[in-house]
Amino acid sequence: MRSSRTGDIRSSLRRLKHTLAPSGFSPDWSSCVPLCDCRRIWYALGMISIRGMTITDIPLGLRLTRQAGWNQLEADWLRFLSMQPQGCFVGELDGQAVATTVTCTLGPVAWIAMVLVETAARRHGVATALLRHALGFLDGEGVRTIRLDATAAGQPVYERLGFTPEYRLTRYEGIVPEGMAPGGTVEAVQREYREIVAFDQEMTGTPREKMLLRLFEESPQGVRIFRRGGRLEGYVSLRKGANATQIGPCIATSPAGEVLLCDALSLCTGLRVFIDIPCDNAPAVGLAGRCGLQTQRQFTRMCRGEPVHDQPASIYASSGPEKG
Ligand SMILES: CC(C)(COP(=O)(O)OP(=O)(O)OC[C@H]1O[C@@H](n2cnc3c(N)ncnc32)[C@H](O)[C@@H]1OP(=O)(O)O)[C@@H](O)C(=O)NCCC(=O)NCCS
């Protein structure tokens, strides 16, 4: 039970917020932290608090992903928790769990993902507080670069925290029509996974083994590769989602990327798919158009810290906004 004194202070703060809002003065309360250390008061009052996420929070994560219309399944939350158990967080507002975020450190680069706030709890500074907490955690880990894929709603929150835009991606969505001719890729076998991971690192500049091996082991039938003269030229991975099959990552040289994407699409004939393609990858964008896929929304890939020089031209499909 909170004391009535605490309750009084809390309702006074609420009244203050409501009084200030109509006057047009709408501060970002969490950015007041360095100025007046109000975070301590804020947190002590229990209005916003951050705690570690555990397996018992997966129903919360799934509820928030459904509410936002996102594609993740329980397997995705389990993967996040197993990749970085200390780096997944829940935000609480007035003692109620209302928000999530996860981090994933891949060598010197970390990704932040799954920033979701319950609709009714938005615009109270919960995402900002969660992000600050996650950034503090990652700074403690010594990462040099933090990246994320921002929705239009998230981008201003991230910009205020020092993230800058790198490039844009479009999510394409649709039901794959008949007639996508398969073009010579083969299903990868487990002993080839390490070679794929090494290829991926060469192309993306990030050691993504921790994430890729899990993805491949979860959906082995969905991992396909393309070789020319025995040399690996690219791979694609598919996985199930709540709303559609996600095609990606697909990392490849040109023109192997088009062959891989075509094959992945032909495997999904009649199914709804999502593919996240960097806007600058013209061949992949063209293929999505020829296949009749529609733009669902756009993301902005953002970075804080040292930039990573990956090449959108070799990213035929991103892993999804939560994985880069
Ligand atoms: C994007 C999202 C995470 C933001 O969460 P949030 O908790 O509302 O974010 P914050 O409250 O920290 O900041 C949002 C806005 O509220 C304002 N705000 C923060 N605290 C406030 C307060 N106490 N009173 C009034 N406004 C406040 C912020 O200044 C910010 O203003 P802006 O509209 O100018 O950007 C949330 O809208 C969401 O879950 N959207 C759907 C999923 C999604 O797109 N996630 C982002 C993935 S990249």
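Residues numbered from 1 in each chain as written. Predicted model: local features only at pLDDT ≥ 70, side-chain atom pairs only at ≥ 80, totals over all residues.

1. Let's talk about the overall build of the protein chain
The line we're drawing: Counting from the N terminus, the helices are the DSSP runs of H or I reaching at least four residues and the strands are the DSSP runs of E reaching at least two. Buried residues are those with 20 or more other C-beta atoms within 10 Å of their own C-beta, exposed residues have 12 or fewer, and partly exposed residues lie in between; C-beta atoms are placed from the backbone.
The secondary structure content of the protein chain amounts to 11 helices and 13 strands. Evaluated residue by residue, the protein chain yields a buried proportion of 42% over its 324 residues.

2. Let's talk about the packing of helix α8 (residues 193-204) against helix α9 (residues 209-218)
Applicable threshold: For helices, the axis comes from a line fit to the C-alpha atoms of the stretch in contact; other axes are also lines fit to C-alpha atoms, and the angle between any two N-to-C directions lies between 0 and 180 degrees. Under this scheme an angle from 65 to 115 degrees is roughly perpendicular, one under 35 degrees roughly parallel, and one over 145 degrees roughly antiparallel; angles in between are oblique. Definitions for this section: a left-handed crossing has its near helix turned counterclockwise from the far helix by less than a right angle. A right-handed crossing has that turn clockwise. By definition, residue pairs are in contact when their C-beta atoms, positioned from the backbone, come within 7 Å.
At a closest axis distance of 10 Å, the pairing of α8 and α9 adopts a crossing angle of 140°. The orientation of α8 with respect to α9, classified from their angle, is oblique. Between α8 and α9 the crossing geometry is right-handed. For the pair formed by α8 and α9, the contact residues are Tyr193, Val197 and Asp200 on the first element and Glu209, Leu212, Leu213 and Phe216 on the second.

3. Some thoughts on the packing of helix α10 (residues 256-267) against helix α11 (residues 282-290)
For any two helices packed against each other, one specifies the inter-axial angle together with the distance between the axes. What counts is decided by this rule: By the convention adopted, Pro, Cys, Tyr, Trp, Phe, Met, Ile, Leu, Val and Ala count as nonpolar, Lys, Arg, Asp and Glu as charged, and the other residues, Gly among them, as polar.
Two elements in contact, α10 and α11, have axes whose closest approach is 10 Å; the angle formed by their N-to-C orientations is 30°. The angle between α10 and α11 falls in the class roughly parallel. The crossing of α10 and α11 is right-handed. Residue-level inspection shows Gly257, Glu258, Leu261 and Cys262 of α10 in contact with α11, the latter providing Pro283, Ala284 and Leu287. Here the contact of α10 with α11 is built from residues that sort into five nonpolar, one polar and one charged.

4. Notes on the site of the ligand
Spelled out, the test is: Only the C-beta atom matters for this test: placed from the backbone, it must lie within 6 Å of a molecule or strand for the residue to be near it.
Every one of the 21 residues lining the ligand counts as a neighbour, but Arg122, Gly125, Ala127, Thr128 and Gly154 are closest to it. Elements supplying a minimum of two residues to the shell around the ligand: β4 (109-117), α6 (126-141) and α7 (155-160). Here the shell around the ligand is built from residues that sort into 11 nonpolar, six polar and four charged.

5. Overview of α11
Convention followed: Summarising the geometry, the arc corresponds to the directions from the helix axis toward the C-beta atoms.
Those residues of α11 lying buried are Ala284, Leu287 and Ala288. All buried residues of α11 fall inside an arc of 100° around its axis, so they share one side. When the buried face of α11 is taken as reference, the exposed residues oriented beyond 90 degrees from it are Ala282, Gly286, Gly289 and Arg290. Buried residues in α11 make contact with β6 (164-175), α10, β11 (272-278) and β13 (315-317).

6. Some thoughts on unusual backbone geometry
For residues other than glycine, phi is negative in most cases, and the peptide bonds are mostly trans. Here the bond from glycine 248 into proline 249 is cis, since omega is 5°, no more than 30 degrees from zero. Locating proline 249 in the fold gives a position in strand β10 (residues 245-252). In this chain, serine 254 is followed by proline 255 through a cis amide linkage whose omega measures 5°. Along the polypeptide, proline 255 turns up in the loop between β10 and α10. A positive phi is found at aspartate 94, a non-glycine position, where the angle reads about 50°. Note that aspartate 94 resides in the loop between β2 (88-93) and β3 (96-106).

7. Section: the nonpolar core
Stated formally: Each nonpolar core comprises buried Ala, Val, Leu, Ile, Met, Phe, Trp, Tyr and Cys residues, the members being joined through C-beta atoms within 7 Å. Domain delimitation in this document rests on an assignment produced automatically or drawn from a domain database.
Counting 84 residues, the largest nonpolar core has Leu130, Cys250, Leu260, Leu261 and Ala264 as its most contacted members. A per-element tally of this core places β4 first, with nine residues. Of the residues that make up this core, three or more belong to each of domain 1 (4-165) and domain 2 (170-317). When neighbours within four sequence positions are excluded, cysteine 250 is seen to be in contact with Val236, Gly257, Leu260, Leu261, Ala264, Tyr316 and Ala317.

8. Observations concerning the confidence of the model for the protein chain
Selection rule: The predictor attaches a confidence to each residue, and that confidence, scored 0 to 100, is pLDDT.
In this model, the protein chain carries a mean pLDDT of 87, and residues with pLDDT of at least 70 account for 84%. Within the protein chain, the lowest mean pLDDT, 37, falls on helix α2 (residues 33-36), and the highest, 98, falls on β2. Note on residues 1-9: pLDDT under 50 across the span, and four contacts to partners over four residues away in sequence or across chains.

9. Let's talk about the pairing of β2
To be explicit about the condition: The criterion for strand pairing is that DSSP finds at least two bridges linking the strands in question.
Pairing geometry for strand β1 (residues 48-52) and β2, over five bridges, is antiparallel. Considered in β2, the bridge of isoleucine 48 is made with leucine 93. Taken together, the six bridges between β2 and β3 define a ladder with antiparallel strand orientation. In the strand pairing of β3, valine 90 is matched with threonine 100.

10. What about the environment of valine 143?
Along the chain, valine 143 turns up in the loop between α6 and β5 (145-150). A tally of 22 C-beta atoms within 10 Å means that valine 143 is categorised as buried. Through-space distance from the C-alpha of valine 143 to that of leucine 106 is 8.9 Å; in sequence the pair is 37 residues apart. Sequence-distant contacts of valine 143, defined by excluding residues within four places in its chain, comprise Thr105, Pro108, Val109, Ala110 and Leu138.

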